[in-house]
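Inside the fold
Here is how the chains run, residue by residue.
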Amino acid sequence: MMTETLAADADFSDRDAAARAILTGNDRGGYTVPTAGLYPYQWNWDSAFASLGFAQFDLERAWREIETLFSGQWESGQVPHILFHKPDPGYFPGPDVWGCTGPIPSSGITQPPVALSFATRLLAADPALGAARFAALYPKMRKWAEWFLRWRRDEKGAIFVVHPWESGRDNAPDWDNAMDAIDPQGVGYYERRDTQHVDASMRPTKYDYDRYIWLVQRGKALEWDDARLAQDNPFRVADPTMHFILLRALRDLYAAGEAQGLDTAGMAEQLAELEAGAQALWNPGMGFYDSYNCANGIWSNALTNASFLCWFAGLDAPEMAQHLSRVLDAAPYGVPSLAPFDPRFDARRYWRGPTWGMMNMMIGEGASERGVALGEEVRKRTREVIARYGFVEYFDPMTGAAAGGKAFTWTAAVWLAWAGKEG
Ligand code: GLC
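In this report, we go over the structure that sits alongside the text. (Residues numbered from 1 in each chain as written. Predicted model: local features only at pLDDT ≥ 70, side-chain atom pairs only at ≥ 80, totals over all residues. Heavy atoms only, no water.)

1. Some remarks on the site of the ligand
Basically, it comes down to this: By convention in these notes, a residue is near a molecule or strand provided one of its non-hydrogen atoms lies within 4 Å of it. Pairs of N or O atoms are called polar contacts if they sit within 3.5 Å, as long as, within protein, a hydrogen donor faces a hydrogen acceptor (for residues adjacent in sequence, only side-chain-to-side-chain pairs). Cavity and pocket criteria rest on a 1 Å grid covering protein atoms alone: a 1.4 Å probe that fits but cannot get out defines a cavity, protein on both sides within 12 Å along at least 5 of 7 lines defines an open pocket, and an atom within 4 Å of a point defines a lining residue. Think of it this way: if more than half of a molecule's atoms are within 2 Å of a pocket's grid points, that molecule is in the pocket or cavity. Under the scheme applied, nonpolar residues are Ala, Val, Leu, Ile, Met, Phe, Trp, Tyr, Cys and Pro; charged residues are Asp, Glu, Lys and Arg; polar residues are all the others, including Gly.
Around the ligand sit P34, Y39, W43, W45, D46, Q111, G168, D170, Y350, W351, F408 and W410, and those are all the residues in its vicinity. A distance of 2.6 Å is found between an oxygen atom of the ligand and a side-chain nitrogen or oxygen belonging to D46. Take G168: an N or O atom from its main chain is 2.6 Å from an oxygen atom of the ligand. Applying the majority rule of atoms within 2 Å of the grid points places the ligand in the largest cavity. For the shell around the ligand, the residue count by class is eight nonpolar, two polar and two charged.

Okay, structure coming up:
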């Protein structure tokens, strides 16, 4: 499928060193920024991947990353999507726009809780080093998982998001229906900073951005109160990213908690509920996992990279293997964020087409764990695209061309922890 293929036994030691240098270069002391300039703070799920990357050569530093993330946890159990440790005028929207009052200035929404799963991997890497640190984090991790179950679950049992940024797939087509219902009047003047770092053709449109900011203003007006948000926020979309990653997180946490002799009361029931709830995300008309607008039940009808996180969640989903095969046939450089045969596909625009290393890792690993042979193919393609085009934020899935920010933490981490490893 690809024109030339890298030799299977290619020596990637130079790339390993470059990946480590990106992690240490983006280290701000206890936390890692996704990339200098474009994203100058600690992002929640980026940090989880950073931790896994560090774990390949500095386990102590890996633990610190997750501990710093949890230092921003709110009383409610929520762990914010951005922690603004040090002010940086190069980023918008900053702490004043969010207006939050947690222990560290932060955003008011969360992100997929993959940090919980990765904490269990740090523990497994060296149980003697990790047992006490894991035990200290464990009640906080459980509290975060329980916060999702309490505040971000709809009546069908699916986990929903209250802002596209919460899902981590900012401008995916999944949000279009709910975004259309928002009239962003009164959002006022603001100055975007992202398009000063990256070409506008690779970023969300102004249409989307007005609504992102409008939703932040709305959340602030509701004082980020979970009950009010669940009721009065016009944006609530049931999301496979959040649901599947939470399901995996709870599964991993439960297993590690049992093994460490920690309190696991109630976890078996929580897991069973989330497993049952996953079925709410099955779009019967399209025959794949999908998102829907909780306000009106309308499906996105979008086969995205989040649809393929079902295996990472520990589900057996044989139908999804055929979809993965079709998508990989259409896009040579890794799982695209939207199927190329969808008319909304846009090869360079962020979450409407490009392929992302960290999503590929969760898809590929999950597939391999569930015996889906294409998982290894996903790993090989991710390895190839990173080896050739560098540690960038994301890639054009049709040509492999580098896109978005450079020297990107999670792409480097995914190289060290998964893609660059010998198969
Ligand atoms: C973008 C991505 C999000 C990520 C953040 C920092 O907002 O969509 O998933 O966490 O950048 O890399």
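2. Thoughts on the nonpolar core
Where we set the bar: Working definition of a nonpolar core: buried Ala, Val, Leu, Ile, Met, Phe, Trp, Tyr and Cys residues. They are joined through side-chain atoms within 4.5 Å. A simple rule labels every residue: compare its accessible area, found with a 1.4 Å probe on the protein chains alone, to the largest value its type can have, and call it buried under 20%, exposed over 50%, or partly exposed in between. Any two residues having at least one pair of non-hydrogen atoms within 4.5 Å are treated as being in contact.
By size, the foremost hydrophobic cluster in this structure holds 140 residues, and its most contacted members are F49, M320, M358 and M362. Ignoring anything within four residues of it in the chain, the contact list for F49 reads V114, F118, M358, M361, M362, W410, A413 and V414.

3. Structural notes on the sheet that holds strand β4 (residues 237-238)
Put simply, the rule reads: Two strands form a pair only when DSSP identifies at least two bridges running between them. Runs of H or I in DSSP of at least four residues are treated as helices and runs of E of at least two as strands, each being numbered from the N terminus.
In space, the three strands of this open sheet follow the order β3-β4-β7, with antiparallel pairing throughout. A single partner strand is all that each edge strand has here, and the edge strands are β3 (160-161) and β7 (292-293). Inspection of the sheet shows β3 paired to β4 by two bridges, in the antiparallel sense. Among the inter-strand pairings, F160 is bridged to a residue of β4, identified as A238.

4. Remarks on the packing of aromatic side chains
Quick reminder of the rule: Ring geometry is summarised as follows: Phe, Tyr and Trp rings, the Trp one being its six-membered ring, pair when their centres sit within 6.5 Å, and such pairs are stacked at plane angles under 30 degrees, edge-to-face over 60 and tilted between the two. Put simply, a charge is over a ring when the Lys NZ or the Arg CZ is close to the ring centre, within 6 Å, and near the line of the ring normal, within 35 degrees.
The full count for this structure, using the stated rule, is 35 aromatic pairs. Aromatic pair F12 and W415: ring centres 5.1 Å apart, planes at 80°, arrangement edge-to-face. Linking F12 in the segment before α1 (13-25) with W415 in helix α17 (residues 409-419), this pair joins segments that are 403 residues apart in sequence. The buried category is assigned to W415, whose relative accessible area is 1%. Residues Y41 and W43 carry aromatic rings whose centres are separated by 6.5 Å and whose planes lie at 35° to one another, so their mutual orientation is tilted. When the ring centre of F54 is taken as origin, the NZ or CZ atom of R61, which lies over that ring, is 4.5 Å away. Against the face of Y292 rests K156, its NZ or CZ located 4.4 Å from the ring centre.

5. Observations regarding unusual backbone geometry
Trans is the common state for peptide bonds, and a negative phi is the common state for residues other than glycine. The peptide bond linking F92 to P93 adopts the cis configuration, its omega dihedral lying at 0°. Residue E223 is not a glycine yet carries a positive backbone phi of 55°. Here E223 shows up in the loop between α10 (206-221) and α11 (226-232). Backbone geometry at Y350 places phi at a positive 60°, although glycine is not the residue there. Mapped onto the secondary structure, Y350 falls in the loop between α14 (318-330) and α15 (357-369). The exposure class assigned to Y350 is buried, which follows from its relative accessible area of 2%.

6. Describing the side chain of D210
Along the polypeptide, D210 turns up in helix α10. Excluding residues that lie within four positions of it along the chain, D210 makes contacts with P184, V187 and Y190.

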